[in-house]
Structures are given as structure tokens and as C-alpha cells.
Amino acid sequence: MRQLILAANWKMHKTVDDAEFFLKRFMEEPSGITGLELVFCPPFTALYPMAQLIKETPFVLGAQNMHWEKEGAYTGEISPLMLRELGVRYVILGHSERRRFFREQPQEISLKVASAFNFGLNPILCIGETEEERRQGHTEKVLCRQLREALADSLHIDKEHASKLVIAYEPVWAIGTGLAASGKDAGEAAAIIRSYLAELLDKERAAVIRIQYGGSVNSDNILDFVSLPDIDGALVGGASLKPGSFKELILALDRLRRS
Ligand code: PEP
């Protein structure tokens, strides 16, 4: 049974003060989070203070990127060892904003995924097609190619490591646009992803990998995604920035769990 996972990607939002304010408000009425893994991915600068604040809570921390090396002459980069030292458990890799604005290459993403496994971090690997690719009917081809490239250095992982991998299906056209995919499109994409993972790895390992949907998720549409057989949670940007809207999402999930 795959555990539901909700991850908040705060991108380049929130100072340390803002992050602390958010968490204090968010934790005022801690309800509805059982059976759900809840991951906060703040900017690097807020990781340490947030780690202190969530020590006694069930929440976990994620980073938004990392270098694949443990240390070295890589000005401006953060290593997996540095993240682990702060208590970070997850790391978002290959987000479309990194691919697009920072020209992150498939080979680098593959090295990062393998390095995350080596350093005991759980990768949240983002893949997804652009609007043009979907319009031309290339969605399946793109998703399979991105998976093949990103997992090239990790094909040997055992079942336990596979169970720590999260694939975030994030159609690029749905991110930050308010235009979420339909449940049908997201469900089809997730089924493609799981069946291609079975080809790349094997059925047993593919079955334990969690797949999230990401792209304009909010409390009104989240159930359209997480009620689908191959979708095990969501990666949430905009709707995770305010304690109230994020709480709404969690309450919606809790209603589903109880029904
Ligand atoms: C994201 O950044 O991964 C994302 C899904 O953003 P949003 O929810 O704002 O579309």
C-alpha cells in the first residue's frame, strides 16, 4: 500500500520570518494529517530554522534542488550531504522551471537522482510535457524519455529504494497557470508512467513508486487526482503558500480518506 504524499514547493518564496509565521499559523489547529506524508520544500535559507520548528511534528523537510557531488569547487551549489545534515528527507529534482530557466540537462538530473539515493535522500523527480508536446500527441513519448534519462544511473535500485522514489507528473502548461489537467488526462499520464517504470525496472519495483500530480492543484480539484488508482499525492506550488489554502487541501484529503 503506497502512502499518500503531499509536498509543498515554495519555490523562491518566503524569508525565514515568513516561513516561521506560516508554520506557526499552520500548526495552530493540527488536524487531518494522519495517513499522509506531508513534505515542506522551502528555499535553502529556511531549511535550518524550519527543521527546528518541525522537530516535534510529523512533517518532513524537502529541498528544491541539489548538486550531485558531496563537496567540491562548485560555487553556489548545495550538496546532498549538507541537506542531510539539516534533516532534509526529500529533494525535488528536474523541476520544469530548473530545466527551462537554468538549462538543467537530463544527464545532470540522472546524476542528481542517483546521488540522492546514495546519500539517503528521497528524490521527487519531476517530469511533464509542454503544451506543444501534448498538442502534437507526444505526451507519452516525452514522459518515457524523461523517465529513461532521469533514471539512467539508478536502474539498479532495489525495492526499498524504489519505494522512496516519487515521480511528480507535472504538465508544464498546468504549472502556475490555474489550468490544472483533467483527472482523466492526469490518470492516463500516471498509468503511462507506472507501466513504463515496470519496463525500465520491473513490475514489483514500479508498484511501490509513488506518483504525484502537480500543476495548479487546489482544494477544489485535489480529489480529482488523488482518487485515481495510480496517483498517490500531489506536488503543490501556489496553494501551499498560505496556511489557510494549504490546510483546506489537507482537509479535502482527509474527507476522502474517511469516505
Ligand atoms: C509546482 O511548482 O511544482 C507547481 C505544481 O506549482 P503550482 O501548484 O503553482 O501550479
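These numbers were taken from a predicted model, which means no experiment stands behind them. (Residues numbered from 1 in each chain as written. Predicted model: local features only at pLDDT ≥ 70, side-chain atom pairs only at ≥ 80, totals over all residues. Heavy atoms only, no water.)

Visitor: So what about the packing of aromatic side chains? Which residues, and what values?
Guide: The tally for this structure, following the rule as stated, stands at 11 aromatic pairs. Every member of this aromatic cluster is reached through a ring pair, and the members are Trp10, Phe22, Phe26, Phe40, Phe59 and Phe246. Above the face of the Phe102 ring, Arg98 is positioned so that its terminal group lies 4.4 Å from the ring centre. The ring of Phe26 has Lys247 lying over it, and the distance from NZ or CZ to the ring centre is 4.8 Å. (Phe/Tyr/Trp six-rings, centres within 6.5 Å; stacked < 30°, edge-to-face > 60°. Lys NZ or Arg CZ within 6 Å of the ring centre and 35° of its normal.)

Visitor: How would you sum up helix H12 (residues 243-258)? Please name residues and give values.
Guide: Helix length check: H12 (16 residues) gives 22 Å between terminal C-alpha atoms against 22 Å at 1.5 Å per residue, within 8%. For H12, the complete set of buried residues consists of Pro243, Phe246, Lys247, Leu249, Ile250, Ala252, Leu253 and Asp254. Summarising the contacts, the buried residues of H12 are in contact with strand E1 (4-9), helix H1 (16-26), strand E2 (36-41), helix H11 (222-226) and strand E8 (233-236). (Helix = DSSP H or I, 4+ residues; strand = E, 2+ residues; numbered from the N terminus. Expected span 1.5 Å × (residues − 1). Buried < 20%, exposed > 50% of the residue type's maximum accessible area, 1.4 Å probe, protein only. Contact = heavy atoms within 4.5 Å.)

Visitor: An account of the site of the ligand is needed here, citing residue identities and associated values.
Guide: Near the ligand lie 14 residues; those nearest to it are Lys11, Glu170, Gly176, Ser216 and Gly237. In this structure, an oxygen atom belonging to the ligand sits 2.6 Å away from a side-chain N or O atom of Lys11. One of the backbone nitrogen or oxygen atoms of Gly238 is found 2.8 Å away from an oxygen atom of the ligand. When the free accessible area of the ligand is taken as 290 Å², the share hidden by the protein chains comes to 95%. (Near = heavy atom within 4 Å. Polar contact = N/O pair within 3.5 Å; in protein donor to acceptor, adjacent residues only side chain to side chain. Areas by Shrake-Rupley, 256 points an atom, 1.4 Å probe, with all protein chains shown as cover.)

Visitor: Please give an account of the pattern of salt bridges that cites residues and values.
Guide: Counted according to the given criterion, the structure contains 16 salt bridges. Ionic contacts of the salt-bridge type, sharing partners, join the residues Arg2, Arg194, Asp230 and Asp232 into one network. (Salt bridge = Lys/Arg side-chain N within 4 Å of Asp/Glu carboxyl O.)

Visitor: Can you break down the sheet that holds strand E7 (residues 210-214) residue by residue, with the values?
Guide: Around the barrel, 8 strands lie side by side as E1-E2-E3-E4-E5-E6-E7-E8; this closed barrel has parallel pairing. Adjacent strand axes in the sheet meet at a mean angle of 25° when their direction is disregarded. Two strands pair when backbone bridges link them, and E1 and E2 are joined in this way by 6 bridges, in the parallel orientation. Within E2, the position partnered with Ala7 by the bridge is Val39. Across the face of the sheet, helix H7 (residues 139-150) comes into contact with strand E5 (122-127) and strand E6 (166-169) while running at roughly 150° to E5. Helix H9 (residues 183-200) contacts E5, E6 and E7 of the sheet and is inclined by roughly 145° relative to E6. (Pairing = 2+ DSSP bridges. Axes fitted to C-alpha atoms, helices over the stretch in contact; angles between N-to-C directions.)

Visitor: Describe the pairing of strand E3 (residues 60-63), and please don't skip the residues or the numbers.
Guide: Because side chains alternate across E3, one face comprises the buried residues Val60 and Gly62, and the other comprises Leu61 and Ala63, equally buried. Relative to E3, E2 is paired through 2 bridges, and the arrangement is parallel. Residue pairing across strands places Val39 opposite Val60, the latter belonging to E3. On the question of chirality, the crossover connecting E2 to the parallel E3 by way of helix H2 (residues 47-53) is right-handed. Of the pairings in the sheet, the one linking E3 to strand E4 (residues 90-93) comprises 2 bridges and is parallel in character. Bridge pairing in E4 places Gly62 opposite Tyr90. In this fold, E3 hands off to helix H3 (residues 80-85), which returns the chain to E4; that crossover is right-handed. (Right-handed = clockwise from strand over helix to strand, strands pointing away.)

Visitor: Report on unusual backbone geometry, specifying residues and quantitative values.
Guide: Residue Lys14 is not a glycine yet carries a positive backbone phi of 90°. Counting through the fold element by element, Lys14 comes out in the loop between E1 and H1. A positive phi is found at Ser216, a non-glycine position, where the angle reads about 55°. Within the secondary structure, Ser216 is located in the loop between E7 and H11.

Visitor: Before we move on, could you go through the layout of surface pockets and cite the residues and values that matter?
Guide: To find the voids left in a structure, one rolls a probe of water-molecule size over its atoms. Here the largest pocket is characterised by a volume of approximately 410 Å³. Grouping the amino acids of the lining of the largest pocket by side-chain chemistry returns 7 nonpolar, 4 polar and 3 charged. (1 Å grid on protein atoms, 1.4 Å probe; cavity = no way out; pocket = protein on both sides within 12 Å on 5 of 7 lines; lining within 4 Å. Points joined across faces, edges and corners; volume = space filled by probe spheres on them. Nonpolar A, V, L, I, M, F, W, Y, C, P; charged D, E, K, R; others polar.)

Visitor: An account of the nonpolar core is needed here, citing residue identities and associated values.
Guide: Ranked by internal contacts, the top residues of the largest apolar core, which has 69 residues, are Leu6, Phe40, Leu125, Leu147, Ile167 and Phe246. Apart from residues lying up to four places away in sequence, Ile167 is in contact with Leu125, Ile127, Leu147, Ile193, Leu197, Ile209, Arg210, Ile211 and Gln212. Core analysis: the second largest hydrophobic core is formed by 12 residues, Val39, Ile92, Ile124 and Val166 among them. (Core = buried A, V, L, I, M, F, W, Y, C linked by side-chain atoms within 4.5 Å.)

Visitor: Give me the lowdown on the environment of Trp68, citing residues and values where you can.
Guide: Among the secondary structure elements, Trp68 is positioned in the loop between E3 and H3. Residue classification places Trp68 among the partly exposed positions, given a relative accessible area of 23%. Taking the C-alpha atoms as reference points, Trp68 and Gln107, separated by 39 residues in sequence, lie 11 Å from one another. Once residues lying within four places of it in the same chain are set aside, the contact partners of Trp68 are Pro80, Glu108, Leu111, Lys112 and Ser115.

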